[in-house]
Amino acid sequence: MGNVFDLSTVAKRFRFIAVLEAISWVLLIIGMVFKRIPEPVLWPVKVFGMTHGIIFILFVITAIVAARELGWGVRTTVLALVSSIPPFCTVLFEVWAVRSGQLGELSNAASAESAAPASATS
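Reading the values: rules and limits
Residues numbered from 1 in each chain as written. Predicted model: local features only at pLDDT ≥ 70, side-chain atom pairs only at ≥ 80, totals over all residues. Heavy atoms only, no water. Helix = DSSP H or I, 4+ residues; strand = E, 2+ residues; numbered from the N terminus. Buried < 20%, exposed > 50% of the residue type's maximum accessible area, 1.4 Å probe, protein only. Arc of directions from axis to C-beta. Phe/Tyr/Trp six-rings, centres within 6.5 Å; stacked < 30°, edge-to-face > 60°.

**Q** Outline unusual backbone geometry, supporting the account with residue identities and numerical values.
**A** Located in the positive-phi region is Phe-88, a residue other than glycine, with phi close to 70°. Within the secondary structure, Phe-88 sits in the loop between helix H3 (74-82) and helix H4 (89-99). The exposure class of Phe-88 is partly exposed, given its relative accessible area of 36%.

**Q** Before we move on, could you go through H3 and cite the residues and values that matter?
**A** Within H3 the residues assigned to the buried category are Thr-76, Thr-77 and Ala-80. Buried residues along H3 cover an arc of 100° about the axis, so they all sit on one side. Facing away from the buried surface of H3 by more than 90 degrees, the exposed residues are Val-74 and Arg-75.

**Q** How would you summarise the packing of aromatic side chains if you had to cite specific residues and measurements?
**A** This structure, assessed with the given rule, holds six aromatic pairs. Where Phe-14 meets Trp-72, the ring centres are 5.5 Å apart and the plane angle is 90°; that geometry is what we call edge-to-face. Of this pair, Phe-14 sits in helix H1 (residues 10-36) while Trp-72 sits in the loop between helix H2 (43-70) and H3, and the two are 58 residues apart along the sequence. By relative accessible area, which is 0% here, Phe-14 ends up buried. By relative accessible area, Trp-72 is classed as buried at 8%. Connected via pairs of aromatic rings, a cluster forms that spans Phe-14, Phe-59, Trp-72, Phe-93 and Trp-96.

Next comes the structure, spelled out in structure tokens:
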């Protein structure tokens, strides 16, 4: 799996921010639940909403940088940007991008790992 905090490449930074964006959705949803209870607690929505907003902007910037650096087409770039809107879709996009070869060395490592067991059994 490697070091989660290794941000040495564009693809690794994209993966990290995509996961952070999904985590920020979880926190924001929890904050919204606290806002709706009979004795509302408002600070979680303010804190987690701001956090989610900042991470959302980071994701959009990271997606645009990844698109330029990794040579994504318009379709892949638009999918990446749209994935930031529904909850947790950034992670789904990241999984798809790895499997479809869109995330550089992360895709290469995934295809090498899936090919290794097949060649070992031959």
